[in-house]
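Fold and geometry: a report
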Amino acid sequence: HGMNFRKYAGIILNILVPLLTVYLVCVWGLRLVVFFLPFVIGWIVAAIANPVVRFFEKRLKIVRRHGSMVLIAGVLALVIFGIYALFSWVFRETTEFGQALPGIYASIGGLLKYLPADTEMTIVSELENVGGYIGDFVQKIAASAGSRVVRTLPEVFVNTIIVFLSSYLFLADHDKLVETVRKVMPEPVIKYGRMMKNDIRTLIGGYFLAQFKIMFVVAVVLVIGMLFLRVP
């Protein structure tokens, strides 16, 4: 009887513990991440910049804490500028795409001439509706984003400083921080972390890289085609 109880207790715990972990990570973990967002971004920026700093350290024989303040600041500025440039480019392209949509729909409408009349009418009216919705949606987002940016500029400024400082400190003490975390963490957690790291590496290395290669080839083919056809 005792064995049965322990068996069922074990099964229930095996189900409950992962569920509870998922709940805590997804709900409270997310809330914590949002609360500490500038520091989280700082850590991500530091993680991106770390290999570059390491490369320069080896080449220029700099000690990270002393000689590398200028180096770290430079690398950080580059990384932050790169991320900013990427986001602004995506935003600009999306806005232009939104503005170009009516024209695209009109040209699709031209292709639909070869379909039966009633089908053509239905599709054209649906396309116009969708085009209108998307155009409005893009304009609304642009307007609200603009006003929100103006409202939250002081906050953004403070957060940017926090991101910059935190990523600088994370970078300056990177190896010491990693060592400390390793010392504090219990052995099973470290082992589990290592296993997850290897699994993620395999997953990203296999599946995602294959997908990205396919996407890249398709994108290159499309870009070349569109360049020849002079599509903006």
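Here the structure is shown first, and the text comes after it.
Only a predicted model underlies this, so the values are computations on that prediction, with no experimental measurement involved. (Residues numbered from 1 in each chain as written. Predicted model: local features only at pLDDT ≥ 70, side-chain atom pairs only at ≥ 80, totals over all residues. Heavy atoms only, no water.)

Looking now at the overall build of the chain. On a plain count of helices and strands, the chain comes out with seven helices and zero strands. Beginning at the N terminus, the succession of helices and strands in the chain can be written as α-α-α-α-α-α-α. Across the 232 residues in the chain, those meeting the buried criterion constitute 14%. Considering only intrachain contacts with a sequence separation of at least 6, the fraction spanning at least 24 residues in the chain is 70%. Here the chain has roughly 18700 Å² of accessible surface; of this, 75% comes from carbon and sulfur atoms. (Helix = DSSP H or I, 4+ residues; strand = E, 2+ residues; numbered from the N terminus. Buried < 20%, exposed > 50% of the residue type's maximum accessible area, 1.4 Å probe, protein only. Contact = heavy atoms within 4.5 Å. Areas by Shrake-Rupley, 256 points an atom, 1.4 Å probe, with all protein chains shown as cover.)

Take the packing of aromatic side chains next. To describe a pair of aromatic rings, one takes the distance between the centres and the angle between the planes. All told, the structure shown has three aromatic pairs when counted by the stated rule. Look at phenylalanine 35 and phenylalanine 36: their rings are 4.9 Å apart centre to centre, the planes differ by 85°, and that puts the pair in the edge-to-face class. What makes phenylalanine 35 exposed here is its relative accessible area of 63%. The ring of tryptophan 28 carries the charged tip of arginine 31 above its face, separated from the ring centre by 4.6 Å. (Phe/Tyr/Trp six-rings, centres within 6.5 Å; stacked < 30°, edge-to-face > 60°. Lys NZ or Arg CZ within 6 Å of the ring centre and 35° of its normal.)

One finds Val45, Ala46, Ala49, Val53, Leu71, Ile72, Val75, Leu76, Val79, Tyr168, Leu171 and Ala172 forming the largest nonpolar core, which totals 12 residues. Those elements that place two or more of their residues in this core are helix H2 (37-60), helix H3 (69-111) and helix H5 (153-172). (Core = buried A, V, L, I, M, F, W, Y, C linked by side-chain atoms within 4.5 Å.)

This part is about a positive patch on the surface. Together, Lys191, Arg194, Lys197 and Arg201 make up a region of like positive charge exposed at the surface. Checked against the element boundaries, lysine 191 lands in helix H7 (residues 187-228). (Patch = residues over 30% accessible without salt bridge, like charges linked within 9 Å, V, L, I, M, F, W, Y side chains within 5 Å. Salt bridge = Lys/Arg side-chain N within 4 Å of Asp/Glu carboxyl O. Lys, Arg positive; Asp, Glu negative; His and termini not counted. Charge placed at Lys NZ, Arg CZ, Asp CG, Glu CD.)

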